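# Architecture at a glance
So the chains spell out like this:
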Amino acid sequence: MFSDDMDQFRDIFFEESFDLLHQMEDLLIDFDEGSQDTEKLNGIFRCAHSINGGSGAFGFSKITSFTHILEALLDKMRDGEINACQDVIDLLLKSVDIVSNMLKSEQANETIAEDYGSEIAEKLEAFCGGKIGDAGSVDNIDANATDANAVDNSESNNAVSTADNNAAEAEE
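Everything numeric in this text was worked out from a predicted model, so none of it was measured.

### Digging into the side chain of K40
Locating K40 in the fold gives a position in helix α2 (residues 38-57). Accessibility expressed as a relative area gives 17% for K40, which makes it buried. Beyond its immediate sequence surroundings of up to four residues, K40 is in contact with L27, D30 and F31.

### Observations regarding the packing of helix α3 (residues 61-78) against helix α4 (residues 86-107)
The geometry of α3 relative to α4 is characterised by a closest axis approach of 10 Å and an angle of 155 degrees between their N-to-C directions. As summarised for this structure, α3 and α4 are arranged roughly antiparallel, according to the angle between their axes. The way α3 lies across α4 gives a crossing that is left-handed. Contact residues: K62, I63, F66, T67, L70, L73, L74 and M77 in α3; V88, L92, S95, I98, V99, M102, L103 and E106 in α4. Taken together, the residues of the contact of α3 with α4 break down into twelve nonpolar, two polar and two charged.

### So, a negative patch on the surface
On the surface, D4, D5, D7, D11, E15, E16 and D19 cluster together into a patch of negative charge. Mapped onto the elements, D19 comes out in helix α1 (residues 2-29). Judged by relative accessible area, D19 falls into the partly exposed class, the value being 48%.

Each value, and the rule that gives it
- Residues numbered from 1 in each chain as written.
- Predicted model: local features only at pLDDT ≥ 70, side-chain atom pairs only at ≥ 80, totals over all residues.
- Heavy atoms only, no water.
- Helix = DSSP H or I, 4+ residues; strand = E, 2+ residues; numbered from the N terminus.
- Buried < 20%, exposed > 50% of the residue type's maximum accessible area, 1.4 Å probe, protein only.
- Contact = heavy atoms within 4.5 Å.
- Axes fitted to C-alpha atoms, helices over the stretch in contact; angles between N-to-C directions.
- Parallel < 35°, antiparallel > 145°, perpendicular 65-115°, else oblique.
- Left-handed = near helix turned anticlockwise from the far one by under 90°.
- Nonpolar A, V, L, I, M, F, W, Y, C, P; charged D, E, K, R; others polar.
- Patch = residues over 30% accessible without salt bridge, like charges linked within 9 Å, V, L, I, M, F, W, Y side chains within 5 Å.
- Areas by Shrake-Rupley, 256 points an atom, 1.4 Å probe, with all protein chains shown as cover.
- Salt bridge = Lys/Arg side-chain N within 4 Å of Asp/Glu carboxyl O.
- Lys, Arg positive; Asp, Glu negative; His and termini not counted.
- Charge placed at Lys NZ, Arg CZ, Asp CG, Glu CD.

Below, the structure is given as structure tokens:
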């Protein structure tokens, strides 16, 4: 009986997650470069957050890790710290595909490659903690932007990252 209930919850999780990814993709496609549309950003965040929470409940750690990075970036966008340049929107759209493929693998009880999505995750992390150059391009981000503290969303680590960045700028 318990196994049947868990299978049912698992099936519902996948169904809802794919629906959320579809919503997220629609919101991103409709998102204008440079926009600070709070309603859309909140909607995109809620999709990532719901998938993150559900994947954590089922022990899908790779999905949880990846969506945590999405949440961190989306939080910074909601706070106005990161602008919605086309590179960010494109990375978020690629992230939808990555999460979708991860979900499909978990749904089929297949192993997800250890490094699957890591290139996009690193670029998302760079936007989270790095400085975005004038062109807003991933290529113009500070080399130290992928520091593990850059993705942690806590106030203390953000303060440390900001202090480190300010110190580095002062040395220049």
